[in-house]
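Summary of structural features
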Amino acid sequence: MGKGKLIVIDGLDGSGKQTQTKLLLEALSHTGQPVRQISFPTYGKSSALIELYLSGAFGGRAGDVNPYAASTFFTVDRVASYLGDWRADYEAGTLIVADRYTTSNAIHQAAKLSTEQKRAFFAWLDDFEYEKVKLPRPDAVFFLDLPPALGQELMARRYSGDERKKDVHERDLAYLEQCYETAQLAARELGWQRIECSGKGEIKSVQEIHLELVRRVKEICDIL
Ligand SMILES: Nc1ncnc2c1ncn2[C@@H]1O[C@H](COP(=O)(O)OP(=O)(O)OP(=O)(O)O)[C@@H](O)[C@H]1O
Ligand SMILES: [Mg+2]
């Protein structure tokens, strides 16, 4: 059986993943090939442990939960979604675009570790998610590079300034800075494509980022 392609869009909270995933999917759908979007976590489906973790049930700070333990919550959600939802499409040749994937563990969980520990974590994650659990390996990962302070501005608009609506990741700016540094390391070491989403301290327009993403997808994925 042939298999499809899997393109991943990842980045920090509020970096525009959903916005760009949707636009990319639209652009890809014009090629006439079967495409579909998936996104993680699957909130309300197989994400019960993630929801407990993000709501602070296991501790009010991200660092209260061991990164390997927290990672498994997210992996389980992806496996359930893969087996029960998109595996058939993927195996039938559909092009899948994912808003977050295993790569989010590399950003948000490795952030809890020192640099050397991060490298060991990346190796563990790769083996666990792709080799042992056998989730499909992405054909390409696009990292929306937006500094956390700018991402937070977008989030603030979404929550209308109500801090209480933020989850344990979102409300901790020091942790988000760690995530940003970790994402830069992951992008370099894991071969992610970095998409620059800001310039001169300002976020670029949705359209400008989209055009750059499309250009890079064309260059790398041999689709479009
Ligand atoms: N380039 C941009 N310029 C201005 N606003 C943007 C841009 N990209 C996205 N937004 C807006 O910022 C908010 C966050 O975007 P989006 O939901 O796409 O991010 P996300 O990465 O999926 O967030 P989360 O991490 O919470 O899932 C949305 O209200 C969106 O409309
Ligand atoms: Mg989103």
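Above this text is the structure in question.
Quick caveat: nothing in here was measured; it's all calculated off a predicted structure. Think of each chain on its own: its residues are numbered from 1, step by step along the sequence as written. Just so you know, chain letters begin at A and ligand numbers begin at 1, following the order they were written in. Whole-chain, interface and lining totals are the exception, using all residues; otherwise, since this is a predicted model, local features are given only for residues with pLDDT of at least 70 and side-chain atom pairs are given and counted only at 80 or more. As a convention, hydrogens and water are excluded, and side-chain values are obtained from all of the structure's heavy atoms.

Bringing the sheet that holds strand 3 (residues 95–99) into the picture now. Sheet architecture is open: five strands sit in the order 2-3-1-4-5, paired in parallel fashion. Each edge of the open sheet carries a strand with a single partner, namely strand 2 (35–39) and strand 5 (193–196). Across the sheet, the mean angle separating the axes of adjacent strands is 20 degrees when strand polarity is ignored. DSSP bridges decide pairing: two strands pair if at least two such bridges lie between them. Helix and strand assignments come from DSSP, with helices taken as H or I runs of at least 4 residues and strands as E runs of at least 2, each series counted from the N terminus. The sheet contact formed by strand 1 (residues 5–11) and strand 3 spans five bridges and is parallel. Bridge assignment links Ile-7 to a residue of strand 3, and that residue is Val-97. Across the sheet, helix 3 (residues 67–91) is in contact with strand 1, strand 2 and strand 3; its angle to strand 2 comes to roughly 150 degrees. Here helix 7 (residues 173–190) sits on the sheet in contact with strand 4 (140–145) and strand 5, set at roughly 145 degrees to strand 4. Here the axes come from fitting lines to C-alpha atoms, over the contacting stretch only for helices, and the angles between their N-to-C directions go from 0 to 180 degrees. Any two residues whose heavy atoms approach within 4.5 Å at even a single point are treated as in contact.

This part takes up the site of ligand 1. Near ligand 1 there are 17 residues, and of these Gly-14, Lys-17, Thr-19, Arg-158 and Lys-204 occur at the shortest range. Contact between ligand 1 and Thr-19: an oxygen atom at 2.5 Å from a side-chain N or O atom of the residue. Here a nitrogen atom of ligand 1 sits 2.9 Å away from a polar atom, N or O, in the main chain of Lys-204. Areas reported here follow the Shrake-Rupley algorithm with a probe of radius 1.4 Å; residue values treat only the protein chains shown as occluding. If ligand 1 stood free it would expose 630 Å²; the protein chains cover 76% of that surface. Counting only elements with at least two residues in the shell around ligand 1, the list comes to helix 1 (17–29), helix 6 (148–158) and helix 8 (206–221). In these notes, residues near a molecule or strand are those with any non-hydrogen atom within 4 Å of it. As used in this structure description, the phrase polar contact means that two N or O atoms lie within 3.5 Å; if the pair is within protein, one of them must be able to donate a hydrogen and the other to accept it, and residues adjacent in sequence are counted only when both atoms belong to side chains.

Of all seven residues in strand 1, six are buried; the element is thus mostly enclosed. Direction of pairing for strand 1 relative to strand 4: parallel, over a ladder of five bridges. Bridge pairing in strand 4 links Val-8 to Val-141. Here the term buried applies to any residue with accessible area under 20% of the maximum for its type, exposed to any over 50%, and partly exposed to those in between, with areas from a 1.4 Å probe on protein chains only.

Attention now goes to the pairing of strand 4. For strand 4, the tally of buried residues reaches six of six residues, placing the bulk of the element in the interior. Residues Ala-140, Phe-142 and Leu-144 line one face of strand 4 and the alternating positions Val-141, Phe-143 and Asp-145 line the opposite face, and both faces are buried. Looking at chain direction, strand 4 and strand 5 are connected through four bridges and run parallel. Within the sheet, the bridge partner assigned to Leu-144 lies in strand 5 and is Ile-195.

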